[in-house]
Each structure stands twice: as structure tokens, then as C-alpha cells.
Amino acid sequence: MSEFRDEQMEQFFGAAGGPSPDLDVAYDRVTGSVRTVRRRRAALAGGALCTLLIGAAALTVARQAGSQRIQPGSELSTPLDGSRNTASSTTPVTTSGTTSRTTTTPPSTATTTVAAASTLPPTTSVQGAVEPRRDTSVPATNHVDTPAVTTAPDNTRPSSPPITQTFSGVGGRITVRLENDSLLLINFVATDGFAAEVDHADGSHVEVHFTNATHETNARVDLENGQMVQRFEETND
Amino acid sequence: MDDVTGITEVVVVPTLEDLFRAHYARLVRMLTVVSGSQDAAADAVQEAFVKAHLHWRRIAGYDDPVGWIRRVAINRLRDEHRRSGRKERAMQQLQTATRDDAVEWSNGIDVAVLLADFPRQQRLTMALFYVENLTVAEVAATLKLSEGAVKFHLHQGRERLRDAFAAQQERDSR
């Protein structure tokens with residue numbers, strides 16, 4: 001028994017503690033508070049879960065939208081199918097209504113050679129930067145010694161009319177348009193027996209390589225001072 | 001002689017409601033002595049039981065779940081007093097001589113008025129010892145005091161109360 005146990009003190013503090021509280025009422029208050037707290041926690045957890053799900057859904061939609069966005073290509077250094085771009089001589093030379101046609105002669109053996117060399121339609125060998133043609137095609141030629149310069153009026157942009165030129169070499173020819181201070185490869189035609197590989201299809205220069213077993217033509221056109229400058233290199237192996 | 005085997009010790013774990021019904025009233029009275037307000041005491045104890053309810057799986061495994069609840073209630077009361085200054089307001093109410101709800105001892109002494117002059121830790125020590133019937137060691141553990149400090153508070157508080165009783169009885173006898 002502790003030395004501090006004192007009946008008088010216990011009586012005193014018993015009175016100081018006041019009357020005994022109602023247990024049932026107090027317990028109901030406790031359980032009610034517990035239910036309230038649990039409801040709040042459940043609501044918070046549900047809200048957090050909803051936020052998470054909505055965020056995840058938004059992220060998924062954003063990713064899907066991003067994957068479907070078409071990015072314009074700046075260069076045509078690689079072909080669409082990942083293989084070497086081997087355009088054949090069956091690629092027709094086309095001219096729009098705004099350009100003049102080059103003088104051409106039909107190739108003698110073009111059809112058989114092309115059938116063996118190309119697995120893709122000729123128009124797909126140049127990527128989307130190449131404009132679709134509207135007019136009828138013209139058969140390819142083997143040799144064009146001087147570039148045929150054609151100028152066509154552009155009704156939509158009278159201030160900077162586009163200029164379309166065709167440049168030819170031993171391995172083939174390319175048709176390039178100058179518009180809005182930028183070059184664009186319109187078309188290219190490989191000479192019979194040559195394979196074509198597009199290096200640059202637009203921008204400050206256009207470049208296409210034509211090769212066969214013994215010869216290579218590096219057909220390049222640069223944009224200098226607002227003019228197209230032909231820089232063809234002919235190399236014999 | 002029969003071989004006594006298979007004796008199994010059955011430990012009955014009390015539910016929280018059992019603990020509530022066994023200890024709630026005493027906890028409230030103890031904190032009423034400390035705070036001077038039975039409402040504040042009841043709020044603190046009920047909040048402690050709510051916390052115990054929410055964490056009962058963990059607290060049920062403690063050696064002394066009631067001790068945990070008691071400490072939570074005391075801390076809750078301290079925080080409340082510190083936060084809102086209710087302590088000072090309660091003291092002013094307690095020291096008002098014309099209170100209608102004054103709790104009087106059998107001699108007619110307003111015990112709350114007497115206790116209001118005591119330091120809080122002394123009131124708490126005495127309330128735990130005399131209302132909760134804890135031992136000196138248990139009071140020391142609850143308040144994180146040394147046993148010597150608890151004995152000091154008990155001794156000093158008892159002397160002050162006795163002096164107060166004597167003075168009150170002397171005034172009454174005149």
C-alpha cells in the first residue's frame with residue numbers, strides 16, 4: 001500500500017471528477033465518429049483512385065494521339081521499305097500543267113529491265129515529299145544532255161512563282177521545283193539498267209544517285225542565291 | 001495418479017467496447033479534475049477511443065491498451081488547451097464564485113476552485129493517482145516522469161489540499 005493512499009483525498013478527487021458520464025451516449029458518439037472518419041477515408045481513397053484512373057486514361061489518349069501524328073520528313077535519305085531505293089526506268093516523267101514537257105524518246109528495253117529491278121510501284125520510291133502528278137506521264141529517256149528549263153506561272157502565288165527544271169545525267173534525270181526558297185524533288189527517272197537512290201528530296205539541295213555495274217551518276221541540284229545550280233558528277237568504276 | 005495433460009491457457013482478449021465500458025468514466029473524471037471541464041475531458045477521452053477504434057488491430061496487441069488510450073487522451077487535452085487557450089478560460093470559470101454547477105465536496109468545499117490553483121502537472125499526477133488509482137510507477141510511466149517527481153507532486157499536493165481544507169473548515173466554523 002502506497003504511503004500516499006488517503007481516503008480523504010480519494011473522496012475529494014472523486015467529488016472533483018464530477019458525476020459519472022452516460023456510457024451508452026458516449027459510446028454512440030465514439031462509434032459515430034469512427035463511421036464518419038471511415039467514410040471520409042473511403043471518399044478520399046475513392047477520389048484518389050478516380051484521379052489516378054482519369055490521369056492514366058488521359059495519358060493513354062495523349063500517347064495514342066502522339067503516335068498517330070504525321071511528322072513531315074525533311075530528307076529522303078532512306079526509302080520507305082528500308083531497302084535500297086531502286087527506282088527503275090519505268091518511272092514516268094510527268095509534267096504538270098504549269099510546266100513544259102521535256103523532249104523524250106521512248107526507251108527500247110525499259111520495260112523488261114524495270115520489271116526485274118523494282119518491287120515497289122515507281123511512284124512510291126519517292127516519299128511523300130514528291131508531289132502527286134496530275135497529268136499524263138511521259139516515257140523516260142536515256143540521255144538528256146542539257147537540262148530543260150521550264151517555268152510555269154503559279155496563279156496562287158504571283159509574288160514567288162515556282163520554277164520547275166529537269167536535269168539529266170548518264171544514270172538518269174531528276175525534276176526539281178524551286179518554290180518559296182526551297183527545292184523539292186518532283187520526280188526522277190533512272191536510265192535503263194540504272195538504279196536510283198534518293199539522298200535529299202527537298203530543302204537547300206536535292207540529290208539522287210543513279211548507279212549500275214560500271215557507272216555512277218550523282219545528280220545534285222543546289223539552291224544558290226535563289227537559283228537552282230546543277231552539280232552532276234559522273235564516275236566510271 | 002492421473003496425468004494432467006493438455007492444459008490450454010485461454011487468453012480472453014477484451015474488445016474495445018469492454019475497455020470503454022470499464023475505463024471511460026474513470027478517464028473522464030480524471031481529466032475533469034485536470035481540466036476543470038467535464039465536456040473537455042469527455043471530448044478528449046472519446047477522441048482517444050476513436051483513434052483506438054481505427055487502429056484497434058495494432059493497439060489490441062499492446063501490453064496496456066488502456067495506457068495507450070490514457071496517454072492519447074492526456075495529449076489531446078494538452079494540445080487543446082495549448083491551441084485554444086481553453087485552459088485559461090476554464091480557470092476563469094472555475095474561479096468564479098457564483099458558478100451554479102460547482103462540484104462540492106461533502107464539507108461544502110468547491111473542489112474545482114481549490115484544484116484550479118494547482119500546477120497542471122501536479123493536478124494530473126494527483127488525478128492519475130487518486131482517480132485512476134494508478135501506482136506511483138504507473139503515473140511516472142504515463143507522464144514520463146521519475147517516480148521521485150511523482151512522489152514530490154503527490155506529497156506537495158496533499159499538503160496543499162489539507163491546508164486548504166483546514167482553512168475552509170476554520171472559515172465555516174466561524
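The model shown is predicted, which means the values in this text are computed figures rather than measured ones. (Residues numbered from 1 in each chain as written. Chains lettered and ligands numbered in written order. Predicted model: local features only at pLDDT ≥ 70, side-chain atom pairs only at ≥ 80, totals over all residues.)

A tally of regular secondary structure across chain A gives three helices and 11 strands. In chain A, the order of α-helices and β-strands from amino to carboxyl end is α-α-β-α-β-β-β-β-β-β-β-β-β-β. Taking all 237 residues of chain A together, 31% fall into the buried category. Residue pairs at least 24 apart in sequence account for 56% of intrachain contacts in chain A once pairs closer than 6 positions are excluded. (Helix = DSSP H or I, 4+ residues; strand = E, 2+ residues; numbered from the N terminus. Buried ≥ 20, exposed ≤ 12 C-beta atoms within 10 Å, placed from the backbone. Contact = placed C-beta atoms within 7 Å.)

To continue, consider the overall build of chain B. Summing up its helical and strand segments, chain B has nine helices and zero strands in all. Reading chain B from its N end, one meets helices and strands in the order α-α-α-α-α-α-α-α-α. Of the contacts made within chain B by residues no fewer than 6 positions apart, 58% connect residues no fewer than 24 positions apart.

A few words now on the pairing of strand β5 (residues 172-179) of chain A. All names here are of chain A. Along β5, seven of the eight residues are buried, which leaves the element largely enclosed by surrounding structure. For strand β4 (residues 163-168) and β5, the ladder comprises six bridges, and the chain directions are antiparallel. Considered in β5, the bridge of Ile163 is made with Leu178. Where β5 meets strand β6 (residues 182-190), eight bridges bridge the pair, whose relative direction is antiparallel. (Pairing = 2+ DSSP bridges.)

Our next topic: the interface of chain A and chain B. Taken together, the contact pairs 21 residues of chain A with 32 residues of chain B. Those elements that place two or more of their residues in the side of chain A that touches chain B are α1 (7-16) and α2 (23-68) of chain A. Considering each element in turn, the side of chain A that touches chain B owes the most residues, eight residues, to α2 of chain A. Of the residues assigned to the side of chain A that touches chain B, the class counts are 13 nonpolar, five polar and three charged. (Nonpolar A, V, L, I, M, F, W, Y, C, P; charged D, E, K, R; others polar.)

On to the environment of Lys151 of chain B, then. Relative to the helices and strands, Lys151 of chain B resides in helix α9 (residues 147-173). Judged by the 19 C-beta atoms lying within 10 Å of it, Lys151 of chain B falls in the partly exposed class.

For the rest of this paragraph, the subject is α1 of chain A. Residue and element names in this part refer to chain A. All buried positions along α1 are accounted for by Phe12, Phe13, Ala15 and Ala16. The arc that holds the buried residues of α1, viewed along the axis, is 155 degrees, so those residues lie on one side. In the segment just after α1, Gly18 is the residue with positive phi, at about 80 degrees. (Arc of directions from axis to C-beta.)

A word on the sheet that holds strand β11 (residues 227-236) of chain A. Residues and elements named next belong to chain A. On the basis of which strands lie adjacent, the open sheet formed by four strands has the order β7-β9-β10-β11 and antiparallel pairing. Each edge of the open sheet carries a strand with a single partner, namely β7 (195-200) and β11. When the angles between neighbouring strand axes are averaged without regard to direction, this sheet yields 15 degrees. Across five bridges, the pairing between β7 and strand β9 (residues 205-211) is antiparallel. Bridge pairing in β9 places His200 opposite Glu207. (Axes fitted to C-alpha atoms, helices over the stretch in contact; angles between N-to-C directions.)

Turning next to helix α7 (residues 120-130) of chain B. Of all the 11 residues making up α7 of chain B, eight are buried; the element is thus mostly covered by neighbouring parts of the structure. For α7 of chain B, the set of buried residues is Arg123, Leu124, Thr125, Met126, Ala127, Leu128, Phe129 and Tyr130 of chain B.

As a further point, take the nonpolar core. By size, the foremost hydrophobic cluster in this structure holds 41 residues, and its most contacted members are Leu31, Val45, Ala73 and Ala127 of chain B. Contributions of two or more residues to this core are made by α1 of chain A together with α1 (16-35), α2 (38-54), α4 (65-84), α6 (111-116), α7, α8 (136-143) and α9 of chain B. Once residues within four sequence positions are removed from consideration, Val45 of chain B is found in contact with Tyr24, Leu27, Val28, Leu31 and Ala73 of chain B. Counting 20 residues, the second largest nonpolar core, distinct from the first, contains Leu185, Val189, Ala219 and Met228 of chain A. (Core = buried A, V, L, I, M, F, W, Y, C linked by C-beta atoms within 7 Å.)

Residue and element names in this part refer to chain A. Buried residues dominate β9, accounting for six of its seven residues. Relative to strand β10 (residues 215-224), β9 runs antiparallel, the two sharing seven bridges. Opposite Phe210, over in β10, you have Thr217 as the bridge partner. Hairpin geometry of β9 and β10 is characterised by an intervening segment of three residues between the two adjacent antiparallel strands.

The subject of this paragraph is the confidence of the model for chain A. Mean pLDDT over chain A: 69, with 59% of residues reaching 70 or higher. Segment residues 73-154 of chain A: pLDDT under 50, and 150 contacts once partners within four positions in sequence are set aside and those in other chains are kept. (pLDDT = per-residue confidence, 0-100.)

Moving on, we come to the environment of Val66 of chain B. Residue and element names in this part refer to chain B. Its location among the elements puts Val66 in helix α4. Classification of Val66 as partly exposed rests on a count of 19 C-beta atoms within 10 Å. Measuring from C-alpha to C-alpha, the distance between Val66 and Tyr24 comes to 9.7 Å, with 42 residues separating the pair along the chain.

All names here are of chain B. Closest axis-to-axis distance for the α7/α8 pair is 10 Å, and the angle between their directions is 135 degrees. Our classification of the angle between α7 and α8 gives oblique. Classified by chirality, the crossing of α8 by α7 is right-handed. Two secondary-structure elements touch here, α7 through Leu124, Thr125, Leu128 and Phe129 and α8 through Val139, Thr142 and Leu143. Of the residues in the contact of α7 with α8, the class split is five nonpolar, two polar and no charged. (Parallel < 35°, antiparallel > 145°, perpendicular 65-115°, else oblique. Left-handed = near helix turned anticlockwise from the far one by under 90°.)

Let us look at the confidence of the model for chain B. Interpretation of this model should avoid reading the predicted coordinates in detail wherever pLDDT is low. Of the residues in chain B, 76% have a pLDDT of 70 or more, and the chain-wide mean is 80. Across residues 96-106 of chain B, where pLDDT falls below 50, the model places 14 contacts with residues more than four positions away in sequence or in other chains.

Attention now goes to the packing of α1 of chain B against α7 of chain B. All names here are of chain B. Contact pair α1 / α7: the axes reach a minimum separation of 8 Å and the direction vectors enclose 155 degrees. When the interaxial angle is binned, α1 and α7 end up roughly antiparallel. Two packed elements cross with a definite hand, and for α1 against α7 that hand is right-handed. From α1, Met30, Val33 and Val34 reach across to α7, where they touch Arg120, Arg123, Leu124, Ala127 and Leu128.

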